[in-house]
Amino acid sequence: QVQLVESGGGLVQPGGSLRLSCAASRSISSINAMGWYRQAPGKQRELVARSTSGGSTNYADSVKGRFTFSRDNAKNTVYLQMNSLKPEDTAVYYCNAYIFAIIRSYDAWGQGTQVTVSS
């Protein structure tokens, strides 16, 4: 099982920016897909951005043009740069990894980091 640790959340005013980090316990090049999800109180978890090892990245329509997924293989870390933040972006953000394996494929999740956008 891979361990994921998120950081970078906090309180920011509307229009501000934050960069979330997700450090993995092993080489992210060996992980089939990684992404960011978020969950607001009383709402279902939703996809924010997801990238396969092949380099294809999908973004939720609500964040396209504002959020950018990136990775640093040398640091075993992926990032979510969030710009032009809106109050509706307020949520707990979770890092996710999907590992495809012959014996058993599985998902791994970080503990989450709170992002609050408020004036």
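A quick note: this is a predicted structure, and the numbers were derived from the prediction, not measured. (Residues numbered from 1 in each chain as written. Predicted model: local features only at pLDDT ≥ 70, side-chain atom pairs only at ≥ 80, totals over all residues. Heavy atoms only, no water.)

Colleague: Please give an account of the overall build of the chain that cites residues and values.
Modeller: Regarding its fold elements, the chain presents zero helices and eleven strands. In sequence order, the secondary structure elements of the chain are arranged as β-β-β-β-β-β-β-β-β-β-β. Relative to the compact-globule value of 14 Å for 119 residues, the chain shows a C-alpha radius of gyration of 14 Å, a close match. The principal-axis extent of the C-alpha atoms belonging to the chain is close to 50 × 30 × 25 Å. Evaluated residue by residue, the chain yields a buried proportion of 40% over its 119 residues. (Helix = DSSP H or I, 4+ residues; strand = E, 2+ residues; numbered from the N terminus. Rg over C-alpha atoms; globule rule 2.2 N^0.38 Å. Buried < 20%, exposed > 50% of the residue type's maximum accessible area, 1.4 Å probe, protein only.)

Colleague: With reference to specific residues and values, describe the nonpolar core.
Modeller: Nonpolar side chains in soluble globular proteins tend to end up buried together. Counting 31 residues, the largest nonpolar core has Val-2, Leu-4, Met-34, Trp-36, Leu-80, Met-82 and Tyr-93 as its most contacted members. Elements represented by at least two residues in this core include exactly strand E3 (18–24), strand E4 (33–39), strand E5 (46–52), strand E7 (67–72), strand E8 (77–82), strand E9 (91–99), strand E10 (106–109) and strand E11 (113–117). Residue contributions to this core peak at five residues, all from E9. (Core = buried A, V, L, I, M, F, W, Y, C linked by side-chain atoms within 4.5 Å.)

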